[in-house]
Amino acid sequence: MSLVKAKKHLGQHFLTDKKIAEKIVNGLIHTDQYHQVLEVGPGMGILSDILLAREDLETFLIDIDVESIAFLADKYPQLGERLISGDFLKLDLTSIFSGKFAVIGNFPYNISSQILFKILEHKDHVVEMVGMFQKEVAERCASKSGTKEYGILSVLIQAYYDIEYLFTVKPGTFNPPPKVNSGVIRLSRNSMETLPCDEKLFWRTVKGGFNQRRKTLRNALSGTISKDKMDNHPFFDKRAEQLSVEDFITLTQHLSFLMGQ
């Protein structure tokens, strides 16, 4: 088998350190809640080797790189249809998984946010995610209110998942090495099946607030509700980064009341 060449346009940086690969796979701790796991962007299979050795997990692999798929098909002939050639962002996950499952991967940095939003779309099925991202993105996801890193992804992820920043990975453990450090995070689905508010309005409120994060919410949300309908609720005089997830839920409930929904 000839080695797969990392492709810049796919954002590929292949992990070469087996100990770090083991740490990533060992980050899956809620396996009593699922038995299927999907690895996104396996490359040459450094994580896959460990996943496929696990008897408690049924592992699926998906890669958009046809060269990787050919390499992996040769390496793991036992996978059959569990080796998927395609784009994770366009994949209909419910056509493959009928129950709960986990997602794992050394994710391409250029589509980090889209991957996280895809997981949020399938929050009722994805019990756990362990993933490596650019360190800045990983920290942003795990950041708390009141910090400059706190943003749209932080709030939306933390509304539905408990998040832990697990560890940092240096560039030298990849081929080719990226120009930045990487961070591994774990998302664990929380007990909030549905938010106690209008979820579409919640998403609009979070996005609207952070899209103009230097403004107070009274100004930032004027595209969602006209200022003349806003009252003297104290949250309107704060900026988005000052509100916790619970505060955004409360604000959404209040907006629903003011909008007569």
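Residues numbered from 1 in each chain as written. Predicted model: local features only at pLDDT ≥ 70, side-chain atom pairs only at ≥ 80, totals over all residues. Heavy atoms only, no water.

1. As for the overall build of the protein chain
No. 1: When helices and strands are tallied, the protein chain shows nine helices and nine strands.
No. 2: The C-alpha radius of gyration computed for the protein chain amounts to 20 Å, which stays within 12% of the reference 18 Å derived for 261 residues, consistent with globular compactness.
No. 3: The principal-axis extent of the C-alpha atoms belonging to the protein chain is close to 65 × 40 × 30 Å.
No. 4: Sorting the 261 residues of the protein chain into buried and exposed places 51% on the buried side.
No. 5: Look at the contacts in the protein chain between residues 6 or more apart in sequence, and 67% of them connect residues 24 or more apart.
No. 6: Carbon and sulfur atoms form 50% of the exposed surface of the protein chain, whose accessible area is close to 12500 Å². (Helix = DSSP H or I, 4+ residues; strand = E, 2+ residues; numbered from the N terminus. Rg over C-alpha atoms; globule rule 2.2 N^0.38 Å. Buried < 20%, exposed > 50% of the residue type's maximum accessible area, 1.4 Å probe, protein only. Contact = heavy atoms within 4.5 Å. Areas by Shrake-Rupley, 256 points an atom, 1.4 Å probe, with all protein chains shown as cover.)

2. Quick notes on the pairing of strand S2 (residues 36-40)
No. 1: With five of its five residues buried, S2 lies for the most part within the structure.
No. 2: Burial along S2 is two-sided: the residues Gln36, Leu38 and Val40 and Val37 and Glu39 are all buried.
No. 3: In this sheet, strand S3 (residues 58-63) lies alongside S2 in parallel orientation, the contact comprising five bridges. Along S3, the bridge assignment pairs Val40 with Ile62.
No. 4: As a crossover connection, the stretch from S2 through helix H2 (residues 46-52) into S3 is right-handed.
No. 5: Bridge count for S2 against strand S5 (residues 101-106) is three bridges, and the pairing is parallel. (Pairing = 2+ DSSP bridges. Right-handed = clockwise from strand over helix to strand, strands pointing away.)

3. A look at helix H9 (residues 245-258)
No. 1: With 14 residues, H9 should cover 20 Å at 1.5 Å per step; its first-to-last C-alpha distance of 20 Å lies within 8% of that length.
No. 2: Taken residue by residue, H9 has Val245, Phe248, Ile249, Leu251, Thr252, His254, Leu255, Ser256 and Leu258 as its buried positions.
No. 3: Taken together, the buried residues of H9 touch helix H6 (152-160), helix H7 (199-211) and helix H8 (217-220).
No. 4: Just downstream of H9, Gly260 is the residue with a positive phi angle, here 70°. (Expected span 1.5 Å × (residues − 1).)

4. Things to note about the packing of aromatic side chains
No. 1: Counted according to the given criterion, the structure contains six aromatic pairs.
No. 2: Judged by centre distance (5.0 Å) and plane angle (45°), the ring pair of Phe107 and Phe133 falls under tilted. Of this pair, Phe107 sits in the loop between S5 and helix H4 (112-121) while Phe133 is found in strand S6 (residues 126-134), placing the two residues 26 residues apart along the sequence.
No. 3: Judged by relative accessible area, Phe107 falls into the buried class, the value being 1%.
No. 4: By relative accessible area, Phe133 is classed as buried at 0%.
No. 5: Arranged with centres 6.2 Å apart and planes meeting at 45°, the rings of Phe117 and Trp203 form a pair that is tilted. Of this pair, Phe117 sits in helix H4 while Trp203 sits in helix H7; the two residues are 86 residues apart in sequence, bridging distant segments of the chain.
No. 6: One aromatic cluster is present, formed by Phe60, Phe97 and Phe101 through successive ring pairs. (Phe/Tyr/Trp six-rings, centres within 6.5 Å; stacked < 30°, edge-to-face > 60°.)

5. A few points about the pattern of salt bridges
A pair can form between side chains of opposite charge whenever their charged atoms are brought close.
No. 1: The final tally for this structure, using the stated rule, is 10 salt bridges.
No. 2: Residue Lys135 is joined to Glu139 by a salt bridge in which the shortest nitrogen-to-oxygen separation is 2.6 Å. Taken as a pair, Lys135 and Glu139 lie in helix H5 (residues 135-142) at a separation of four residues, close to a single helical turn.
No. 3: Looking at Glu139, the relative accessible area reads 33%, which means it is partly exposed. (Salt bridge = Lys/Arg side-chain N within 4 Å of Asp/Glu carboxyl O.)

6. Focus on H5
No. 1: All of the buried residues along H5 are Val137, Ala138 and Cys141. Buried residues of H5, viewed axially, fall in a sector of 100°; they line one side.
No. 2: The secondary structure elements touched by the buried residues of H5 are H4, S6, H6, strand S7 (161-169) and strand S9 (182-189). (Arc of directions from axis to C-beta.)

7. A closer look at the nonpolar core
Within soluble globular proteins, side chains that are nonpolar tend to cluster in buried spots.
No. 1: Of all hydrophobic cores here, the largest spans 53 residues; its most connected members are Leu38, Leu116, Met129, Ile157 and Phe202.
No. 2: Setting aside anything within four residues of it in sequence, one finds Phe202 in contact with Val155, Leu156, Ala159, Leu195, Cys197, Val245, Phe248, Ile249 and Thr252. (Core = buried A, V, L, I, M, F, W, Y, C linked by side-chain atoms within 4.5 Å.)

8. Quick word on the packing of H7 against H9
Helix packing for two helices is described by the angle between their axes and how far apart those axes are.
No. 1: Closest axis-to-axis distance for the H7/H9 pair is 9 Å, and the angle between their directions is 110°. As the angle between them shows, H7 and H9 are arranged roughly perpendicular. Where H7 crosses over H9, the two elements pack in a sense that is right-handed. Only Val245, Phe248, Ile249, Leu251, Thr252, Leu255 and Ser256 of H9 make contact with H7, whose side of the interface consists of Leu201, Phe202, Thr205, Val206 and Phe210. (Axes fitted to C-alpha atoms, helices over the stretch in contact; angles between N-to-C directions. Parallel < 35°, antiparallel > 145°, perpendicular 65-115°, else oblique. Left-handed = near helix turned anticlockwise from the far one by under 90°.)

9. What about the sheet that holds S2?
No. 1: Spatial ordering of the open sheet is given by S4-S3-S2-S5-S6-S9-S7, a layout of seven strands whose pairing is mixed. Each having just a single partner strand, strand S4 (83-85) and S7 make up the two edges of the open sheet. Strand-to-strand, the axes of this sheet are offset by a mean angle of 20°, without reference to chain direction.
No. 2: By the bridge criterion, seven bridges tie S6 to S9 in an arrangement that is antiparallel. Among the inter-strand pairings, Val130 is bridged to a residue of S9, identified as Arg186.
No. 3: Across the sheet, helix H3 (residues 66-75) is in contact with S3 and S4; its angle to S4 comes to roughly 160°.

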